[in-house]
Amino acid sequence: MTDEKLLADAADGDTTAFQILYQRYRDPIFRFAYRMLGSVEAAEDVAHDCFLSLIRQPERFDSSKASFRTYLYAAARNQAAKQYSSFGRETTLNDLSQEPVAAERDEPMAQILDNELAFEVAGAIASLPPLQREALVLFEYEELSLAEIGAIVGVDANTVKARLFRAREKLRSKLERYFRTGHEAATLKRRKRVSMSGRSYEQ
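Definitions and limits used
Residues numbered from 1 in each chain as written. Predicted model: local features only at pLDDT ≥ 70, side-chain atom pairs only at ≥ 80, totals over all residues. Heavy atoms only, no water. Helix = DSSP H or I, 4+ residues; strand = E, 2+ residues; numbered from the N terminus. Buried < 20%, exposed > 50% of the residue type's maximum accessible area, 1.4 Å probe, protein only. Areas by Shrake-Rupley, 256 points an atom, 1.4 Å probe, with all protein chains shown as cover. Core = buried A, V, L, I, M, F, W, Y, C linked by side-chain atoms within 4.5 Å. Contact = heavy atoms within 4.5 Å. Salt bridge = Lys/Arg side-chain N within 4 Å of Asp/Glu carboxyl O. Expected span 1.5 Å × (residues − 1). Phe/Tyr/Trp six-rings, centres within 6.5 Å; stacked < 30°, edge-to-face > 60°. Lys NZ or Arg CZ within 6 Å of the ring centre and 35° of its normal.

Glancing now at the overall build of the chain. When you go through the chain residue by residue, the secondary structure sums to 10 helices and zero strands. For the chain, the sequential pattern of α-helices and β-strands runs α-α-α-α-α-α-α-α-α-α. Put simply, the chain has 203 residues, and 40% of those count as buried. Element-wise, carbon and sulfur atoms account for 48% of the exposed surface of the chain, whose accessible area totals about 12,100 Å².

Formed by 48 residues in total, the largest nonpolar core has its most connected members in Phe68 and Leu72. Those elements that provide at least two residues to this core are α1 (3-11), α2 (15-37), α3 (40-56), α4 (68-81), α6 (119-126), α7 (130-141), α8 (146-153) and α9 (157-174). Here the element with the most residues in this core is α2; it accounts for 10 residues. If we ignore the near neighbours within four places in the chain, the residues touching phenylalanine 68 are Asp3, Glu4, Leu7, Leu21, Tyr25, Leu54 and Phe61.

According to the stated counting rule, one finds 10 salt bridges in the structure shown. Arginine 69 is paired through a salt bridge with glutamate 148; the nearest N and O atoms lie 2.7 Å apart. Taken together, the positions of arginine 69 in helix α4 and glutamate 148 in helix α8 put the pair 79 residues apart, joining distant regions of the chain. Taken together, the shared-partner salt bridges connect Arg26, Asp27 and Glu44 into one network.

As for its position among the elements, valine 46 is in helix α3. Separated by 37 residues in sequence, valine 46 and glutamine 83 have C-alpha atoms that sit 8.9 Å apart.

Bringing the environment of glutamine 83 into the picture now. Looking at where glutamine 83 falls in the secondary structure, it is placed in the loop between α4 and α5 (107-114). Along the backbone, glutamine 83 and aspartate 45 are 38 residues apart, and their C-alpha atoms lie at a distance of 9.8 Å. Not counting chain neighbours up to four residues away, the residues in contact with glutamine 83 comprise Leu37, Ala42 and Val46.

Taking 1.5 Å as the rise per residue, α7 with 12 residues should run 16 Å; its terminal C-alpha atoms sit 15 Å apart, in good agreement. Burial analysis of α7 places 12 of its 12 residues in the buried class, which makes it a mostly covered element. Among the residues of α7, Pro130, Leu131, Gln132, Arg133, Glu134, Ala135, Leu136, Val137, Leu138, Phe139, Glu140 and Tyr141 are the ones counted as buried. Where α7 terminates, the next one or two residues include glutamate 143, which has phi positive at roughly 60°.

The subject of this paragraph is the packing of aromatic side chains. One pass over the structure, following the stated rule, counts seven aromatic pairs. Note on tyrosine 22 and phenylalanine 51: the rings are 5.0 Å apart at their centroids and 65° apart in plane angle, and the pair reads as edge-to-face. In this pair, tyrosine 22 sits in helix α2 while phenylalanine 51 sits in helix α3, placing the two residues 29 residues apart along the sequence. The exposure class of phenylalanine 51 is buried, given its relative accessible area of 2%. Through pairs of rings, three or more aromatic residues link up here, namely Tyr25, Phe61, Phe68 and Tyr71. For the cation-ring pair, arginine 35 lies above tyrosine 141, with the distance from its terminal atom to the ring centre recorded as 3.7 Å.

See the structure below:
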């Protein structure tokens, strides 16, 4: 059953329909809020308020303007914005030497972000300006498209792409030694394969 049909049924008092929507989206909304705010309690509040608002005012969702998922993330973003005053402002950014190319989920960045338990990674992401952080979280973790993120945060896809580019550059700078370690490990693997094949030169 589609999200839109479930919401319509929930608006008519179908509690089962609302529970299904809640089960579908509660965890992603909580994760997004947690990665933006860094607090389990605050993230719980955002998720709670987001769904409470949804059930109280289901008519605010307009399927002609956005998908239900986009609408819900935008609502969560608005709730999260109430938690800290700096949301919606970026710190001063250095001029880019070149415009960012099409955003891709490159493998080295994906490998770094997969290790969510690393204190250094969590700290580096938390230190990003809020607008860059949300672009990174929504793209890398929640796997939304640039267009979807743009609809959520109210900007065009190129602006999202620029924020994502800057976020990645800052993370690479802060986590440089981890990327370097990954490169060295890959080099050692290649050398080992060459050695086992009996060849005396490196590739």
